[in-house]
Amino acid sequence: MQGADPMAGSARGEKDVASALSGVSERSFFASHPPAQLPSISVERLPGVAESGKGLPDRAAVEPGMERRSDWRFWRMRRLSLAELRVETAKAIATELDRGAAFLLVPVFLAVGVIVYFTLETEPDWLPLLAAAGAVAALAWSVRARHTALLGAVALLLCSVGMIAGKVETWRADTHMLGSEVTTRLTGRVVSIDDMANGRTRLTVDVVSTERPALRYQPERVRLTARKAPPGLMAGSTVTGLVRLLPPTGPVRPGSYDYSFESYFDGVGGSGFFLSGLEVSADAPMPPGARIATAIERARDAIADHVRGTVGGPEGEIAAALIVGVRAGIPEAINEAMRKIGIYHIISISGLHMALVAGTVMSLMRGGFALFPDFSSRRSTKKYAAAAALFAIAAYLLISGMVVAAERSFIMLAVMLTAVLFDRAALTMRNLAISAIVVIALSPHEVVGPSFQLSFAATAALVGAYAGWADYRASRPAAAAIRRRSLPGALMNRFAMMMVALAATSIIAGSATTLFAMWHFQRVAPLSLFANLAVMPIVSIVVMPFAVFAALFMPFGLDGPFLYVMGKGLSAMIGMSEWIAALSPLDAVGLVSASSVVMVTIALVIATITTTWLRLAAIPLAAVGLLMVTQVRTPDVLISEDARLVAVPIGGERLAVNRSRPNAFTIDNWRRALDAETVVKPDIGRDQTLVSTADAPGPTEFRCANDLCLVTHVSGKVVAQADSAAAAKPACTLATVIVIDDATASDPCRLPSVRVITKRQLARTGSAAVFLGDQPDGARAQVRFAVEADYRPWHVQRRFSRGARGLGPYEKKDRKPTDGPKPEQSAGD
């Protein structure tokens, strides 16, 4: 060995040191223990030290993770008294704070403040919010010498800051919302174009002007549907046409997602459709910002058309959705199949896609640098690759339409890639906390939405599980060298490890997000684990990498082979999705208790942030939350906000409705909320009598005659829906609840035992849920409305609708005849 190169030994030593350092958990650097208790590297692993045997500290005192294992042995070996438990708890809390848990809680308390603001019944003024924040800041300053009190005051201050952030965003949005339905001639500039699966075209339009009538409080942006897009229509075009505008709708039932809330913060003041063919005129002058946005949108449309034309079929629509975020053309049957088996996250550009794009670019860059060993041995190629990946996901964000989910995922990955540039660990809870703080600061309203909650719950669980696994591996003794495998064996081992990682990822992320999905969507995917194991290898290995290759070679016209392979992968994905969806049982789960969601959220925060035995506190909290899932009062009657649709569960997982062609979206939401499988259409007849319906022995379907529909609830109580007060009058002696689809009507019964709900009430307060089961005979049914208190800014427009003002549908007055010639009508009349 005398002829050995001394530099080789030095290089091996440096690699051994680097390997030893990589086993140290990053959280240990936050600790402020005495030197003897610091988690450190086992000196036996360092070259040249183990042989000397000098100066070796006790291994159990320095191995990373040994302190945690000794904690577990401590709990097993003895039973603590109350005083000792308090001491150990204080020590554990001090350890958590030393490891940076306080900073990890910053986005949590900010989010709490945001949620409190958006769930208030009335809109708070600026003065109370600022005064509360100032008072809490003064309190924090006064107790700065008392550590525990200071932490509590800072937590309250962060909640106050979160409330102010929500107020600032609400003030900044200030969206003009349409108050009532109106027909007008509209001129506007096209912002975006979506070709829908049913052949129609959906336009997002910035309103320039309206006429006949000219709206005094016109919305600044609307979404309109046209039967056919005329030639030459593109982003930035100026369009004119006769449109029917509708105000934003509220929740389809009390407690469900508020679509007027979403429209308010999206800046969309109304929706509607073209009554006549739209006319395209020359592009109007635009400000610089609008010109840039228009150029990006036109590039997106061109890429989407190219991808659709190359791939073709539903695969082409999904490929366009994955590359540029245009997903309106995906057939609804495929969307529903993927929702049913829990893989719809593949379609929506989010963290998965950003991570796959970044990983593909980094792999390509590092593989390219490996071809130049002289350069790669002297430079940190990982940083160059991270910088290229950061640029790639920024370009991906722009070309994908900058939807909220993509923006949030970009922020999370940008923080992690920036950490790599500065030689910090990328996948840490601290980086996730920074990402959450940035997202909350930019878009506070996203905190109350499902996308934010599902995304951060899954990511926090995965990062926490990864950190725990890394600590566990670091605490184990160094493994013996693994024997070299043959190429087939190595490939099989790599595939097996990938499947295990996919299964673990699916289980962890699914466990963290299932309750949130049940709370928001009242559905669960029983076969999501099997579906993700079957589909995700195709997406990760074939679809997304070849999408990146196609995007790189598209400017040179060489993207055809890559799009072909991507299309074949999507065909396999669609086939598997439909096959698994056919095997999946019913996914409706009914309503979920809000208290259970709160308890499980607290448990998730504790489990992902803590690193000591305090993590055990998450177990009883999660158990209590799961036991409370079904502790929710289910409504007996649901009523739409336009008073036209009423649904009543009649037993046997059946839901009776009063219309033969009910709104599909509303009925699907109600069916899942009431855990019903079958929708029973009404029995419409002419000679039907009310007495036969009321005396029916059990629950029946709606029976309709003479503008009146009746149904018997499982409790034996009768629910009626009528088109007018006159039609409702005969039901006063039979029904417990009467819904009248007439804003001009009043209570025709005037009986204390009959609850009458008119169209005017619903126009003011939104959809309604009625509770019958717990009411004694003779008592009025309890009703909960979607908007019961004072209007928030996204509900103010409700008071201006014709229904809320007690007015009937608008009827065009006939023109008085004249002796002279009739004026010619214009094309828009």
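All residue numbers here refer to positions counted from 1 along the written sequence of the relevant chain. Residues qualify for local features only when their pLDDT is at least 70, as the model is predicted, and side-chain atom pairs are given and counted only at 80 or more; totals for whole chains, interfaces and linings, by contrast, use all residues. Side-chain measures here rest on the full set of heavy atoms in the structure, leaving out hydrogens and waters.

Section: the sheet that holds strand β13 (residues 708–712)
Right, on to step 1. Pairing is mixed in the open sheet, where 6 strands are placed in the order β11-β12-β13-β14-β15-β16. In this open sheet, the two edge strands, each paired with only one partner strand, are β11 (683–684) and β16 (755–758).
Right, on to step 2. Pairing of β11 with strand β12 (residues 703–705) involves 2 bridges; the strand directions are parallel. Across the sheet, the residue bridging to I684 is C704, located in β12. Here, any two strands with at least 2 DSSP bridges between them count as paired. Helix numbers and strand numbers start at the N terminus; a helix is a DSSP run of H or I with at least 4 residues, a strand a run of E with at least 2.

Regarding helix α6 (residues 106–118)
Right, on to step 1. Compared with the 18 Å implied by 1.5 Å per residue over 13 residues, the 19 Å span of α6 between its first and last C-alpha is a close match.
Right, on to step 2. Burial classes: relative accessible area under 20% of the type maximum marks a residue as buried, over 50% as exposed, and values in between as partly exposed (1.4 Å probe, protein chains only). Those residues of α6 not exposed but buried are V106, P107, L110, A111, G113, V114, Y117 and F118. Seen end-on, α6 carries its buried residues on one side only, within an arc spanning 160°.
Right, on to step 3. Contact partners of the buried residues in α6: α5 (101–104), α8 (147–173), α9 (259–266) and α17 (429–442). Here the expected length of a helix is defined as 1.5 Å per residue gap, with one fewer gap than residues. Directions drawn from the helix axis to the C-beta atoms are what define this arc. A contact between two residues is defined here by any heavy atoms of the two lying within 4.5 Å.

Quick word on the pairing of strand β17 (residues 768–771)
Right, on to step 1. Side chains A768 and V770 of β17 all project onto a buried face; the interleaved residues A769 and F771 project onto the opposite face, where all are buried too.
Right, on to step 2. Relative to β17, strand β7 (residues 637–639) runs antiparallel, the two being bridged by 3 bridges. Within β17, the residue paired with I639 across the bridge is A768.
Right, on to step 3. With 4 bridges connecting them, β17 and strand β18 (residues 782–785) associate as antiparallel partners. Bridging across to β18, A769 finds its partner in R784.

Quick notes on the sheet that holds β7
Right, on to step 1. The sheet built from 6 strands is open, its strands ordered β10-β9-β8-β7-β17-β18 with mixed pairing. Only two strands of the sheet have a single partner each, and these edge strands are β10 (678–680) and β18. Strand-to-strand twist of the sheet, defined as the mean angle between neighbouring strand axes without regard to direction, takes the value 25°.
Right, on to step 2. In this structure, strand β8 (residues 646–651) lies alongside strand β9 (residues 654–657), joined through 4 bridges in antiparallel fashion. Angles run from 0 to 180 degrees between N-to-C directions of axes, and those axes are lines fitted to C-alpha atoms, restricted for helices to the stretch in contact.

Considerations on the state of the cysteines
Right, on to step 1. Working definition: a disulfide is two cysteine sulfur atoms within 2.5 Å of each other. The tally for this structure, following the rule as stated, stands at 2 disulfides.
Right, on to step 2. Here C704 is linked by a disulfide to C709, with a sulfur-sulfur distance of 2.0 Å. Negative torsions about the S-S bond denote left-handed disulfides, and the value of about 115° found for C704 with C709 makes this one right-handed. Here C704 and C709 have matching classes, each one buried.
Right, on to step 3. Regarding the disulfides, the protein chain carries the connectivity 1-2, 3-4 under sequence-order numbering of its bonded cysteines.

Some details on the environment of T733
Right, on to step 1. For T733, the location among the structural elements is in the loop between α26 (725–728) and β15 (735–740).
Right, on to step 2. In this structure T733 comes out as exposed when scored by relative accessible area, which is 72%.

Some points on the nonpolar core
Right, on to step 1. Core analysis: the largest hydrophobic core is formed by 92 residues, its most contacted members being I318 and M566.
Right, on to step 2. Considering every element that reaches this core, the biggest residue donor is helix α20 (residues 528–553), with 10 residues.
Right, on to step 3. Look past the residues within four positions of M566 in its chain and what remains in contact with it is A319, L322, I323, V543, F546 and A547.
Right, on to step 4. Listed in part, the 23 residues of the second largest apolar core include A643, V680, L772 and F785. Joining through side-chain atoms within 4.5 Å is the link that ties buried Ala, Val, Leu, Ile, Met, Phe, Trp, Tyr and Cys residues into a set, and such a set is a nonpolar core.

Details of helix α4 (residues 82–98)
Right, on to step 1. Between its first and last C-alpha, α4 extends 24 Å over 17 residues, near the 24 Å set by a 1.5 Å rise per residue.
Right, on to step 2. Here α4 has its buried residues at E88, A92, T95 and E96. Angular distribution of buried residues about the axis of α4 spans 100°; they occupy a single face of the element. Opposite the buried face of α4, at more than 90 degrees from it, the exposed residues are L82, A83 and R86.
Right, on to step 3. G100 sits one or two residues past α4 and shows a positive phi near 95°.

So, the confidence of the model for the protein chain
Right, on to step 1. For every residue, the predictor states its confidence as a pLDDT score lying anywhere from 0 to 100. Chain-level statistics for the protein chain give a pLDDT mean of 82 and a share of 85% at 70 or above.
Right, on to step 2. α6 holds the highest mean pLDDT among the elements of the protein chain, 96, whereas helix α2 (residues 59–62) holds the lowest, 37.
Right, on to step 3. The low-confidence segment residues 1–70 (pLDDT under 50) makes 65 contacts with residues lying over four places distant or belonging to another chain.

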